[in-house]
Amino acid sequence: MVAGLDEKLEPIYQDVLRRNPGETEFHQAVREVLETLGPVLVKFPEFAEQKIIQRICEPERQIIFRVPWQDDSGRVQINRAFRVEFNSALGPYKGGLRFHPSVYLGIVKFLGFEQIFKNALTGLPIGGGKGGSDFDPKGKSDAEVMRFCQSLMTELYRHLGEHTDVPAGDIGVGHREIGYLFGQYKRISNRYESGVLTGKGLAWGGSRARTEATGYGTIFFLEEMLKVRGDSLEGKTCVVSGSGNVAIYAIEKAMALGARIIACSDSNGAVIDQAGIDLDLLKQIKEVERRRIRVYAEEKASATYLEGGSVWTVPCQVALPCATQNELTAKDAEVLVKQGCIAVAEGANMPTTPEGIQVFLDAGIAFGPGKAANAGGVATSALEMQQNASRDSWTFDYTEQRLREIMTNIHRTCYETSEEFCARGNYVVGANIAGFLRVGHAMAALGLI
Ligand code: NDP
Ligand code: 2IT
């Protein structure tokens, strides 16, 4: 079962429940962090006196607005958009925008809350924020996506700025959307302010390796976890959920390091290819044609398609959840462990349920939580901001090298923190406490703000 809360933390959590009714994903994210902070309050009583935890749980600012737009047949459509500016103790609010029909305030707040600690772990000067809309890009034309993005930015631009709030992509937001958003920001503000958005195209201020960064970073973190155990990715059988940006580049780097990827998925089903996923075909279907994963099995004789199925039933040594929150349950975790899984690295945000995490921790397998394992994306966004600020453009190799160093440092920080707090190798404890300490000390130093 899930751990209890320290007696000082339980009332704080109850307050979060009371003040944010119905926001179940936000409650889950807060609880997971609070469960690990008991020993921190013992060591640093000033955090309780200054109510640092209560302050971290309350966003600095939340913006909710209407996004009206016209579809291709001239009909008026209305969506709702959000930007939650959660914490700016370490730098401008930084975090992606998600376009998905499931988006509501509770999802944006869970993502923004996670982002605070993740960004702190990178060691780079970025605060935490997140945004998004219940707009569904699936089945929309480029022109519809453009009109939606322009309308959204017409309101959002007043809240942004390279020193204020810097969005990027997330589910449903990639190069295409960032392009339309940046174009509209530039037009309204009359400023070529490259650092206001990250994940831009290479021709207009983007960073090399940003597209690959989250997936690659997850594999670098995984490699470090395996190294501690005297192991490596060479020859390991892996399954990956999702087939979007994070999944594709996790697959690419894992393959480069000698792993065999035998399954991936989308929200309709999973493909299993014991011959190893054909990455070129996957990219063609997903990045170029924007079609469903089912098409992969139609074009590849060695592959089978499970309509409505998940990848977690496929026997593997490494599991990489790279799709969405709560996609890996305790039942899935039990099956994975029973079938010989030795490591899990979360490319997605909060993909494993609390009960699922407990199964992995009890089994003693290497478990890399999202806020540490997927921090390579936002870290490379901060590198994009550095390049924009100096009007420079780095090579792929140099940028990837910086990403690798950052991921190695995050791993070391999490591991050492887990040791310091008597939970050696528990990266959930290590990531939460190390991220919290960096933000908490900064907040204390900045006074009551
Ligand atoms: P994409 O939109 O590129 O891909 C998302 C993938 O996940 C798709 O295969 C999608 O399938 C699947 N998916 C999305 N929602 C659901 C759902 N409700 N149920 C089942 N499958 C779903 O997004 P990203 O790859 O960028 O993001 C994936 C995860 O990684 C998210 O949790 C995101 O927050 C996290 N992340 C992303 C970063 C980035 O830099 N992009 C950085 C750090 C974390 P379908 O096409 O059928 O919807
Ligand atoms: O969840 C995440 O870290 C992201 N979607 C990336 C955020 C960013 O600002 O690059």
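Described below are features of the structure shown in this document. (Residues numbered from 1 in each chain as written. Chains lettered and ligands numbered in written order. Predicted model: local features only at pLDDT ≥ 70, side-chain atom pairs only at ≥ 80, totals over all residues. Heavy atoms only, no water.)

1. Describing the packing of helix α17 (residues 396-420) against helix α18 (residues 427-445)
Interhelical geometry of α17 versus α18 gives an angle of 105° and a closest axis separation of 7 Å. In terms of axis orientation, α17 runs roughly perpendicular to α18. In this structure, α17 contributes His411, Thr413, Cys414, Tyr415, Thr417 and Ser418 to the contact, and α18 contributes Tyr427, Gly430, Ala431, Ile433 and Ala434. In terms of residue class, the contact of α17 with α18 is made up of six nonpolar, five polar and no charged. (Axes fitted to C-alpha atoms, helices over the stretch in contact; angles between N-to-C directions. Helix = DSSP H or I, 4+ residues; strand = E, 2+ residues; numbered from the N terminus. Parallel < 35°, antiparallel > 145°, perpendicular 65-115°, else oblique. Contact = heavy atoms within 4.5 Å. Nonpolar A, V, L, I, M, F, W, Y, C, P; charged D, E, K, R; others polar.)

2. Let's talk about the site of ligand 2
Taken together, 14 residues surround ligand 2, and among them Lys94, Gln115, Lys118, Asp170 and Ser381 come closest. With respect to ligand 2, the side chain of Gln115 contributes an N or O atom lying 2.9 Å from an oxygen atom. Separating an oxygen atom of ligand 2 from a side-chain N or O atom of Lys118 is a distance of 2.7 Å. Burial of ligand 2 by the protein amounts to 94% of the accessible area it has alone, namely 290 Å². Elements with a contribution of two residues or more to the shell around ligand 2: β3 (93-99), α6 (105-122) and α16 (376-389). Class assignment for the residues of the shell around ligand 2 results in two nonpolar, seven polar and five charged. (Near = heavy atom within 4 Å. Polar contact = N/O pair within 3.5 Å; in protein donor to acceptor, adjacent residues only side chain to side chain. Areas by Shrake-Rupley, 256 points an atom, 1.4 Å probe, with all protein chains shown as cover.)

3. Points about the packing of helix α9 (residues 210-228) against α16
Packed helices, taken two at a time, are described by their axes: the angle between them and the distance between them. Two elements in contact, α9 and α16, have axes whose closest approach is 7 Å; the angle formed by their N-to-C orientations is 145°. α9 and α16 meet at a crossing whose hand is right-handed. Residue-level contacts link Arg210, Ala213 and Thr214 of α9 to Gly376, Gly377, Val378, Thr380, Ser381 and Glu384 of α16. (Left-handed = near helix turned anticlockwise from the far one by under 90°.)

4. Focus: empty space enclosed by the protein
If you walk through the whole model with that rule in mind, you get one cavity of 30 Å³ or more. Taken as a whole, the largest cavity encloses approximately 30 Å³ of empty space. In terms of lining, the largest cavity is formed by Asn87, Ala89, Leu90, Ile116, Ile126, Gly127, Gly128 and Val439. Looking at the lining of the largest cavity residue by residue, the classes come out as five nonpolar, three polar and no charged. (1 Å grid on protein atoms, 1.4 Å probe; cavity = no way out; pocket = protein on both sides within 12 Å on 5 of 7 lines; lining within 4 Å. Points joined across faces, edges and corners; volume = space filled by probe spheres on them.)

5. Some points on the pattern of salt bridges
Using the criterion set out here, one finds 28 salt bridges in the structure. Glu420 is the partner of Lys43 in a salt bridge, and the nearest nitrogen-oxygen pair spans 2.6 Å. Placement of the pair is Lys43 in helix α3 (residues 38-43) and Glu420 in helix α17, with a sequence separation of 377 residues. Exposure remark for Lys43: the relative accessible area of 45% places this residue in the partly exposed category. (Salt bridge = Lys/Arg side-chain N within 4 Å of Asp/Glu carboxyl O. Buried < 20%, exposed > 50% of the residue type's maximum accessible area, 1.4 Å probe, protein only.)

6. What about the sheet that holds strand β1 (residues 61-70)?
Two pairing modes exist for strands in a sheet, parallel and antiparallel, and in both the strands are linked by backbone hydrogen bonds. The strand order across the open sheet formed by five strands is β1-β2-β4-β3-β5, and the pairing between neighbours is mixed. Two strands in the sheet have a free side with no partner beyond their single neighbour: β1 and β5 (165-168). Here the average twist between neighbouring strands, direction ignored, is 20°. Sheet analysis places β1 next to strand β2 (residues 76-87), joined by ten bridges and oriented antiparallel. Bridging from a neighbouring strand, Arg66 pairs with Arg80 of β2. (Pairing = 2+ DSSP bridges.)

7. As for the site of ligand 1
Taken together, 25 residues lie near ligand 1, and Asp170, Thr214, Ser267, Arg292 and Asn349 sit nearest. Gly347 is positioned with one of its backbone polar atoms (N or O) 3.5 Å from an oxygen atom of ligand 1. With the chains in place, 83% of the 880 Å² that ligand 1 exposes on its own is no longer accessible. For the shell around ligand 1, the secondary-structure elements that each account for two or more residues are α9, α10 (245-256) and β7 (260-266).

8. A word on the layout of surface pockets
Rolled over the atoms, a probe sized like a water molecule indicates the empty space that remains. In this structure, the second largest pocket occupies an estimated 390 Å³ of space. As for the second largest pocket, its lining consists of 23 residues, and the residues nearest its centre are Glu32, Glu35, Ile357, Gln358 and Val428. Among the secondary structure elements, those contributing two or more residues to the lining of the second largest pocket are α2 (24-34), α14 (354-363), α15 (370-373) and α18. Looking at which element gives the most residues to the lining of the second largest pocket, the answer is α14, with six residues. Taken together, the residues of the lining of the second largest pocket sort by class into nine nonpolar, six polar and eight charged.

9. Side note on the sheet that holds strand β9 (residues 303-307)
Pairing in this open sheet of seven strands is mixed, and the strands run β9-β8-β7-β6-β10-β11-β12 from one edge to the other. This sheet does not close on itself; its edge strands, each paired only once, are β9 and β12 (366-368). Sheet twist, expressed as the average angle between the axes of neighbouring strands with direction ignored, equals 15°. Here four bridges tie strand β6 (residues 237-241) to strand β10 (residues 318-321), and the two strands are oriented parallel to one another. Across the sheet, residue Val239 finds its bridge partner in β10, namely Ala319.

10. Regarding helix α11 (residues 279-288)
Every buried residue of α11 is listed here: Leu279, Leu281, Leu282, Lys283, Ile285 and Lys286. For α11, the elements touching its buried residues are α10, β7 and α12 (294-299). For α11, the side-chain oxygen to backbone nitrogen distance between the N-cap and Asp280 is 3.2 Å, and the N-cap itself is Asp278. Following α11 by one or two positions, Arg290 has its phi on the positive side, about 55°.

11. Here's the deal with helix α7 (residues 142-156)
Between its first and last C-alpha, α7 extends 21 Å over 15 residues, near the 21 Å set by a 1.5 Å rise per residue. Residues Glu144, Val145, Phe148, Cys149, Ser151, Leu152, Met153 and Leu156 constitute the buried set of α7. Residues of α7 that are buried sit in contact with β1, β2, β3, β4 (128-133) and α8 (175-189). (Expected span 1.5 Å × (residues − 1).)

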